[in-house]
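Each chain is listed here by its residues.
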Amino acid sequence: MSVIVFADQQQGKIKKAAQEAVEYAAKVAAQLGTDVSAVVVGEVANEELTGLGKHGAKKVLHVADARLNEIEPGVCAKILAEAVNQESASVVIFTHNFSGKAIAPILSAKLKAGLVTGAISLPDTASGFVVKKSVFSGKAFANVNISSDKKIVSVMPNTFNLEPGTATADVATFSPSISDADFKIKMVKVETVEGEIPLTEAEIIVSGGRGLKGPENWGLVEDLAHVLGAATACSRPVADSGWRPHHEHVGQTGLTVRPNLYIAIGISGAIQHLAGVNGSKVIVVINKDPEAPFFKAADYGIVGDAFEVVPKLTEALKAYKA
Ligand code: FAD
């Protein structure tokens, strides 16, 4: 019996959220009195792989196949099923991100394993394997017991603080039986925006809503984000109106983010928006309406016109940093 964690990478770098999943998996393994092996697919430098030891992985099974530099969920599920067999694993951990959300259900069906997505606690193993997750857009919690022999959990990013140690992991080449016929998706092109911080990895996010009136005013958000080294996000109507790209939309139907600092400018704070951001450690709201619901969820609130407040805040931060 052991624990396996899927540690996903982007452009050869293990993601921060994957490091969190590895640390979570190591704690689960400790609870069960066993070890954790991480599965990494795609071309990744050796030091990235051995570095997973800092997060608790004893062993890394590396599938160094360039076809997997971009995740293909069906193929990854097949690889993980083989890894589970080889390692006699009973628990598989994912990050609750795009790849985890895509691979975990396929693996769950393959292994007939119970799956809990978006876990926010370590399992309680005193009387079963009970994992806590938030439901109804963060309004309630559910404690779910996984009673099947094999168990799969995806971990909510930015929920568990990283506590790296100094160990290094042993790296083993893993050669699962995959063929060209297993690859059903052909990646045509990957477009990355130079210098953009991925929202789910961002520690600081500056987000704008309909209160900003139009795309021509987005310089306000970008200038503040630039001075803070932050990523930019937006509410759904902003993306729906084409003011900002859809990958910046946060909330129930967009991305879930958990930065250390979320600054909301001209956003009312509808429940569907809060669902994606209420895990942020500190929320600052700038809104001209003192009755805006977002103030109830805020740690700090500034009642004022964004067009006056934000440039002053940006200038003050620039002066502070100079
Ligand atoms: P508004 O509600 O129009 O609010 C604008 C705010 O700006 C107001 O509070 C106003 O006081 C303030 N303001 C105006 N001018 C200024 C100024 N000069 N300075 C400072 N403040 C100013 N929304 C999401 O964001 N994400 C989702 O994932 C999402 N999913 C949804 C799913 C469903 C099924 C449904 C029904 C809705 C969903 N919505 C989602 C929409 C959501 O209900 C809200 O309509 C939306 O979040 C409102 O966006 P907003 O706050 O930018 O705009």
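Since this is a predicted model, take the numbers as computed values, not measurements.

Cut-off values and rules
- Residues numbered from 1 in each chain as written.
- Predicted model: local features only at pLDDT ≥ 70, side-chain atom pairs only at ≥ 80, totals over all residues.
- Heavy atoms only, no water.
- Pairing = 2+ DSSP bridges.
- Helix = DSSP H or I, 4+ residues; strand = E, 2+ residues; numbered from the N terminus.
- Axes fitted to C-alpha atoms, helices over the stretch in contact; angles between N-to-C directions.
- 1 Å grid on protein atoms, 1.4 Å probe; cavity = no way out; pocket = protein on both sides within 12 Å on 5 of 7 lines; lining within 4 Å.
- Points joined across faces, edges and corners; volume = space filled by probe spheres on them.
- Nonpolar A, V, L, I, M, F, W, Y, C, P; charged D, E, K, R; others polar.
- Near = heavy atom within 4 Å.
- Polar contact = N/O pair within 3.5 Å; in protein donor to acceptor, adjacent residues only side chain to side chain.
- Parallel < 35°, antiparallel > 145°, perpendicular 65-115°, else oblique.
- Left-handed = near helix turned anticlockwise from the far one by under 90°.
- Contact = heavy atoms within 4.5 Å.
- Core = buried A, V, L, I, M, F, W, Y, C linked by side-chain atoms within 4.5 Å.
- Buried < 20%, exposed > 50% of the residue type's maximum accessible area, 1.4 Å probe, protein only.
- UniProt positions renumbered as here; feature names shortened; annotations may be inferred.
- Expected span 1.5 Å × (residues − 1).

This paragraph deals with the sheet that holds strand E12 (residues 204–208). The parallel open sheet is built from five strands, whose spatial order is E13-E12-E14-E15-E16. Of all the strands in the sheet, the pair left with one neighbour each is strand E13 (231–234) and strand E16 (300–303). The sheet shows a mean angle of 15 degrees between the axes of neighbouring strands, direction not considered. Two elements, strand E14 (residues 261–265) and strand E15 (residues 282–287), share five bridges in a ladder whose sense is parallel.

If you add up the space inside the second largest pocket, you get close to 480 Å³. If you go around the second largest pocket, you meet 27 residues; those closest to its centre are Arg 210, Gly 211, Gly 266, Ile 267 and Ser 268. If you list the elements that add at least two residues to the lining of the second largest pocket, you get helix H6 (236–240), helix H7 (271–277), E15 and helix H9 (306–321). Looking at the lining of the second largest pocket, its residues break down into eight nonpolar, 13 polar and six charged.

On to empty space enclosed by the protein, then. Following the criterion strictly, the structure yields one cavity of 30 Å³ or more and no others. If you go around the largest cavity, the residues you meet are Met 156, Pro 157, Asn 158, Thr 200, Thr 256, Val 257 and Arg 258. Class assignment of the residues belonging to the lining of the largest cavity gives a composition of three nonpolar, three polar and one charged.

Neighbouring residues of the ligand: 26 residues in total, closest Arg 210, Ser 235, Ser 268, Gln 272 and Asn 287. Between the ligand and Val 250, the relevant distance is 2.9 Å, taken from a nitrogen atom to a main-chain nitrogen or oxygen of the residue. With respect to the ligand, the side chain of Thr 253 contributes an N or O atom lying 2.8 Å from a nitrogen atom. Taken together, the elements giving at least two residues each to the shell around the ligand come down to H6, H7 and H9.

At a minimum axis distance of 9 Å, the contact between helix H5 (residues 219–228) and H9 shows a crossing angle of 20 degrees. Between H5 and H9, the interaxial angle falls into the category roughly parallel. You can see that H5 and H9 cross each other, and the crossing is left-handed. On H9, the residues that touch Leu 220, Asp 223, Leu 224, Val 227 and Leu 228 of H5 are Ala 306, Phe 307, Val 310, Pro 311, Leu 313, Thr 314, Leu 317, Lys 318 and Lys 321. Looking at the contact of H5 with H9 residue by residue, the class counts come to ten nonpolar, one polar and three charged.

Bringing the nonpolar core into the picture now. Counting 30 residues, the largest nonpolar core has Val 3, Val 5, Tyr 24, Val 40, Leu 52, Ile 93 and Val 153 as the members making the most contacts within it. Within the residue set of this core, elements represented by two or more residues are strand E1 (2–6), helix H1 (16–32), strand E4 (36–41), strand E6 (89–95), strand E7 (114–119) and strand E10 (151–155). For this core, the element with the highest residue contribution is H1, accounting for eight residues. Beyond its immediate sequence surroundings of up to four residues, Ile 93 is in contact with Val 3, Ile 4, Val 5, Phe 6, Ala 21, Tyr 24, Ala 25, Val 28, Val 153 and Val 155. Core analysis: the second largest hydrophobic core is formed by 27 residues, Leu 68, Val 92, Ala 113 and Ile 152 among them.

Those places that UniProt annotates as "binding site: FAD" (unreviewed entry) correspond, in this numbering, to Arg 210, Ser 235, Arg 236, Gly 266, Ile 267, Ser 268, Gly 269, Ala 270, Ile 271, Gln 272, His 273 and Asn 287. Put simply, the named residues that line the second largest pocket are Arg 210, Ser 235, Arg 236, Gly 266, Ile 267, Ser 268, Gly 269, Ala 270, Gln 272, His 273 and Asn 287. Within the secondary structure layout, Gly 266 lies in the loop between E14 and H7. Residues in contact with Gly 266, not counting those within four places in the same chain, are Gly 209, Arg 210, Gly 211, Ile 286 and Asn 287. Sequence-distant contacts of His 273, defined by excluding residues within four places in its chain, comprise Ser 207, Cys 234, Ser 235, Val 250, Gly 251, Tyr 262, Ile 267 and Phe 294. Here the side chain of His 273 touches Tyr 262 through a polar contact of 2.8 Å, side chain to side chain.

This next bit is on the environment of Ala 83. Note on placement: Ala 83 falls in helix H3 (residues 73–87). Taking the C-alpha atoms as reference, Ala 83 lies 38 Å from Pro 245; in sequence the two are 162 residues apart. What Ala 83 contacts, discounting residues up to four positions off in sequence, is Ile 4, Val 39, Leu 61 and Phe 174.

Another point: H3. The end-to-end C-alpha distance of H3 is 21 Å, a good match for the 21 Å that 15 residues give at a rise of 1.5 Å each. Among all positions in H3, only Pro 73, Val 75, Cys 76, Ala 77, Ile 79, Leu 80, Ala 81, Ala 83, Val 84 and Glu 87 are buried. Where the residues of H3 are buried, they touch E1, E4, strand E5 (59–63), E6 and helix H4 (98–111). Ser 88, located one to two residues past H3, shows a positive phi value of around 50 degrees.

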